[in-house]
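Structure assessment
Residue strings, one per chain:
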Amino acid sequence: MAKWVYTFGDGKAEGRADLRGLLGGKGAGLAEMADLGLPVPPGFTITTEVCTYFYANGNTYPPDLEAQVKAALVQVARIAGKNFGDRDNPLLVSVRSGARASMPGMMDTVLNLGLNDETVEALARKSGDRRFAYDSYRRFITMYSSVVLGIGHHHFEEILDDHKDRNGYSLDTEVTAEEWVKLVERYKERVQEEHGQPFPQDAQRQLWGAIGAVFGSWMNARAKTYRRLHNIPESWGTAVNVQAMVFGNMGDTSATGVAFTRNPSTGERSLYGEFLINAQGEDVVAGIRTPQEITEAARKEAGSTKPSLERLLPEAFAELTRIYQVLERHYRDMQDLEFTVERGKLWMLQTRGGKRTAKAALRIAVELASEGLISKEEAVTRIEPISLDQLLHPTIDPRAERKVIATGLPASPGAASGEIVFSSDDAATLKAEGRKVILVRVETSPEDIHGMHAAEGILTTRGGMTSHAAVVARGMGKPCVSGAGAIRVDTARRTMSAGSVTLKEGDLITVDGSTGQVLAGRIRMIEPELSSEFGTLMGWADTVRRLGVRANADTPNDARVALKFGAEGIGLCRTEHMFFDEDRIQAVREMILADEETARRVAIAKLLPMQRADFVELFEIMHGRPVTIRLLDPPLHEFLPHGEEEIAEVAAAMGADPKKLAARAQELQEFNPMLGFRGCRIAIAYPEIAEMQARAIFEAAIEAGRHTGKPVVPEVMVPLIATKAEFDLVKARIDAMAEAVAKESGQKISYQVGTMIELPRAALLAGEIAETAEFFSFGTNDLTQTTYGISRDDAATFLGIYVARGILPGNPFISIDQQGVGELIRIGVERGRKTRPNLKVGICGEHGGDPASVAFCHDVKLDYVSCSPFRVPIARLAAAQAALGKTAAGQA
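Here goes a summary of the coordinates provided. Position numbers for residues start from 1 in each chain and track the written sequence from start to end. In view of the model being predicted, local features appear only for residues whose pLDDT reaches at least 70, and side-chain atom pairs are presented and counted only at 80 or more, with totals across whole chains, interfaces and linings using the full set of residues. Each side-chain value is worked out from all heavy atoms of the structure, with water and hydrogens disregarded.

**Examining helix 27 (residues 724–745)**
Each helix is a run of DSSP H or I of at least 4 residues and each strand a run of E of at least 2, with the numbering of both proceeding from the N terminus. Here the expected length of a helix is defined as 1.5 Å per residue gap, with one fewer gap than residues. The end-to-end C-alpha distance of helix 27 is 31 Å, a good match for the 32 Å that 22 residues give at a rise of 1.5 Å each. Residues of helix 27 that are buried: Lys724, Glu726, Phe727, Val730, Lys731, Ile734, Met737, Ala738, Val741 and Ala742. Looking straight down helix 27, one finds its buried side chains confined to an arc of 155°; they lie on one side. Facing away from the buried side of helix 27 by over 90 degrees, the exposed positions are Leu729, Glu739, Lys743 and Glu744. Packing partners of the buried residues in helix 27 comprise helix 25 (680–685), helix 26 (687–708), strand 30 (715–718), strand 31 (752–757) and helix 29 (766–769). Just downstream of helix 27, Gly746 is the residue with a positive phi angle, here 75°. Between buried and exposed lies partly exposed: a residue is buried under 20% and exposed over 50% of the maximum accessible area for its type, with that area taken using a 1.4 Å probe on protein chains only. Along the arc lie the directions from the helix axis toward the C-beta atoms. Contacts are assigned to residue pairs with any non-hydrogen atoms lying within 4.5 Å of each other.

Here it is as structure tokens:
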């Protein structure tokens, strides 16, 4: 018989930490804590295999699941000393989701399950607190109705808000016991109105309704969005955790909280978190009440007048301190903890690896290695390469003038400016139009996930450092300010106000997630300074990686940034980008308009000194490191003006006939320029262009070598080769120019000529092309286009549908299609090196900065990847992880 249910409690567990795939993160953590003898309320986990069965069998359960759940409930009841559904001594339970990967707030939870009109009275008698009992019952009705019956929270919030307003209450804790009794009746009446049936009173029916709802929530819209954004496979499914309730809302000696064993924003080694007295867990994470600090040090730093947990409940705080140290040593990582204090006794409800910013992750990994808990190699594997993006975005220039309109909590570091929007749908719409927005909400909920993803930053007026907005923003690397209570949001009028300042939708603001400040207008930003831990960890990464990392750099600034981030050379310099400067475009247009070669050479001669100066500067910056320069690639019509007015303007500036210019522009227009007159085809039709570029390269190499004392060995790359004959024709012109420059200068020139492999035919005939090509660089952008027959510029209209329907696992322009495009790369490498064993091979498409693609490049034994300068650290770390055998997220 298959085992579908695993129990835990009373110092032992059937599960363990390494069964995360089966029990989910929460279930595995509860089992491990129970096995360590920590105070964990008893419970059981229904495995992720049941979720898989549920969806594969028309939302039904395995036949023997019910019996296993009943047996587990009996065991939980025995440990707890209570009985499920009993009218005199009821066992109440929580029902929570628990996927393998943490998905905060994405799926559903029900607390206080088992309450009904009879058991609520028993709870009141047993606890001696009627207010607590009915407070718990109204919470259960609200949660269960929302999660299981589909009756929105707002129905119950309206009833409660109306009651509080009429009585002048501001907090839920001011509502009396008898008032809760009456409110519960109104809640049940609303359920009858909306659902057409009474609120369910049978505890077993309640339990199976909640279990079904949690499994159902795996496929809700927000969970799907979160999985897509974080590359979490749908096939993993979720577990369901059923656990005896402990109550943080039993008065002033009870509390509930969330804690991290280290600061998730900075990585500082100190207990960090928040709690609420007389509350249940959703009060903390939902941001309904602004929570208090756990430690006295944090309270003082925050300037709060509310007492800390350390001051209010010192025994519970001491036990929490002991337990967090035990768990961090056991898991050898920073932990995210949920806890409840019930009448002075601490209970642990969750431990999992804590989500953290990239800055914190670096510090934590380096310090754990320094503390001897993990090795340097493991520290390298602890950082998600793509998360380094968080460190490479602008922050506010400290010299910039700040007009602070409000201050909240620094929930997620970094800074961003944008237009104010008050709804997630508007954020997504404006993002699609290319506009930058700041999402402003009273508080966020899981339904806001798409708007948070679209926004540059997030601002909430409620909530703490562990609220939904804070946790999700940190995971996304978005700046977030939460709990900015001085701000009033009027969603009906679409305004936000703080003191005398009122801003409307569309106005510009800046949020500084590092300080908690909200500022009027767009503020000047600066590049970040990378921490010492960044340098330390990247140094460790560089010692283990085999794959080289270069940068795609067309300008001196690109080259300097690339070096700053650790690039070992330039893997792609696109010379056409140098031609678009205002002082050069006219010479390019004269060249294109020329009727014959002599006139073309006159125009080209004007470009030679400019191009040579560009290359000198690049070679000098790179100081002897390899530089791969691609000859002119794009279609010539891209350099010409379009439209009558622009053509007339350019013709006047050039002293050219506008009719002739228009005719030439029309002549060069193509139905499909991506597959048209570009790349090596231009060099073959107009060899004088390739000759000028080659001369500029070789003369620059001599000059830069003389200036720096470092010999320059340029790599000249011929684009869009389909045949060896094409390559040989262009290479002959390059070689002839190298010989001419060497003769003129009296210096020997060392160089290599290679090609971009961007067409399937070139990959298939790589063995033949390698007879004369000295290196290959796979241009994976075009190779993906030509393999799929998809235009990258037009694919957005349908690629999303393909991914959503499972036709493709992901966007092949973001991560290499390893089955198709990847197979062509494998063939190209194998056949090329069979001909030329020492053939140098790299890639220079945008895939060079994608961790899964970098891992693939390591596996097929490329020599290097080349990517945009800001993605160089990502590629370095991904290459190291590939060498250490870690599989990249999203890798096929």
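Text resumes after the structure shown.
**Considering the sheet that holds strand 10 (residues 272–277)**
Criterion used throughout: strands pair if DSSP finds at least two bridges between them. The strand order across the open sheet built from 5 strands is 11-10-9-12-13, with neighbouring strands paired in antiparallel fashion. Of all strands in the sheet, those bounded by a partner on one side alone are strand 11 (292–293) and strand 13 (345–353). In this sheet, strand 11 lies alongside strand 10 in antiparallel orientation, the contact comprising 2 bridges. Note that in strand 11 the partner of Glu274 across the bridge is Glu293. Between N-to-C directions, angles span 0 to 180 degrees; the directions come from axes that are lines fitted to C-alpha atoms, helices contributing only their stretch in contact. Strands strand 12 (335–342) and strand 13 of the sheet are contacted by helix 1 (residues 20–35), whose axis makes an angle of about 130° with strand 13.

**Quick notes on the nonpolar core**
Joining through side-chain atoms within 4.5 Å is the link that ties buried Ala, Val, Leu, Ile, Met, Phe, Trp, Tyr and Cys residues into a set, and such a set is a nonpolar core. The biggest cluster of nonpolar side chains holds 128 residues, and the ones touching the most others in it are Phe619 and Ile825. In terms of residue count, helix 26 provides more of this core than any other element does, 11 residues in total. In contact with Phe619, other than residues within four places in its own chain, are Gly624, Val627, Ile629, Ile697, Ala700, Ala701, Ala704, Val712 and Pro714. Counting 88 residues, the second largest nonpolar core, distinct from the first, contains Val95, Ala101, Leu111 and Val120.

**Brief notes about the packing of helix 3 (residues 65–80) against helix 8 (residues 203–217)**
Where helix 3 contacts helix 8, the two axes come as close as 13 Å, and the packing angle between them is 115°. Handedness of the helix 3/helix 8 crossing: right-handed. Residues Leu65, Glu66, Val69 and Leu73 of helix 3 lie in contact with helix 8, whose contacting residues are Gln204, Leu207 and Trp208. All residues other than Ala, Val, Leu, Ile, Met, Phe, Trp, Tyr, Cys, Pro, Asp, Glu, Lys and Arg, Gly among them, are scored as polar; the first ten of these are nonpolar and the last four charged. Its residues assigned to classes, the contact of helix 3 with helix 8 shows 5 nonpolar, 1 polar and 1 charged. In this scheme the handedness of a crossing depends on how the near helix is turned from the far one: anticlockwise by less than a right angle means left-handed, clockwise means right-handed.

**Regarding helix 24 (residues 658–668)**
Within the sequence span of helix 24, burial applies to Leu661, Arg664, Ala665 and Leu668. Seen from one end, helix 24 has its buried residues packed into an arc of 100°, which puts them on one side. Facing away from the buried side of helix 24 by more than 90 degrees, the exposed set consists of Lys659, Gln666 and Glu667. With a side-chain oxygen positioned 2.9 Å from the backbone nitrogen of Lys659, the residue opening helix 24 is Asp657. Pairing of N or O atoms within 3.5 Å defines a polar contact, subject to two protein rules: one partner must be a possible hydrogen donor and the other a possible acceptor, and residues neighboring in sequence count only if both atoms are side-chain atoms.

**Focus: the environment of Arg289**
In this structure, Arg289 sits in the loop between helix 10 (281–285) and strand 11. Sequence separation between Arg289 and Trp347 is 58 residues; the distance between their C-alpha atoms is 22 Å.

**Structural notes on the sheet that holds strand 8 (residues 238–244)**
If you trace the 6 strands from one edge of the open sheet to the other, you get 2-1-3-8-6-7, paired in antiparallel fashion. The open sheet has two free edges, formed respectively by strand 2 (12–13) and strand 7 (109–113), since each of these has just one partner strand. The strands that helix 1 touches are strand 1 (5–9), strand 2, strand 3 (43–46), strand 6 (93–99) and strand 8; relative to strand 6, the one it contacts most, it runs at about 120°.

**Digging into the environment of Ala210**
Inspection of the secondary structure puts Ala210 in helix 8. You can call Ala210 buried: its relative accessible area is 0%. Along the sequence, Ala210 and Val110 sit 100 residues apart, while their C-alpha atoms lie 6.9 Å from each other.

**Digging into a nonpolar patch on the surface**
There is a patch of nonpolar side chains on the surface, built from Ile801, Tyr802 and Ile807 and spanning about 270 Å² of accessible area. Within the fold, Tyr802 resides in helix 31 (residues 796–804). Residue Tyr802 is classed as partly exposed on the basis of its relative accessible area, which comes to 34%. Within the patch definition used here, like charges are joined within 9 Å and nonpolar side chains (Val, Leu, Ile, Met, Phe, Trp, Tyr) within 5 Å, considering only residues with over 30% relative accessible area and no salt bridge. Working definition of accessibility: Shrake-Rupley area with a 1.4 Å probe, residue cover restricted to the visible protein chains. Any carboxyl oxygen of Asp or Glu within 4 Å of a side-chain nitrogen of Lys or Arg constitutes a salt bridge here.

Function-wise, these values are silent; they only describe arrangement.
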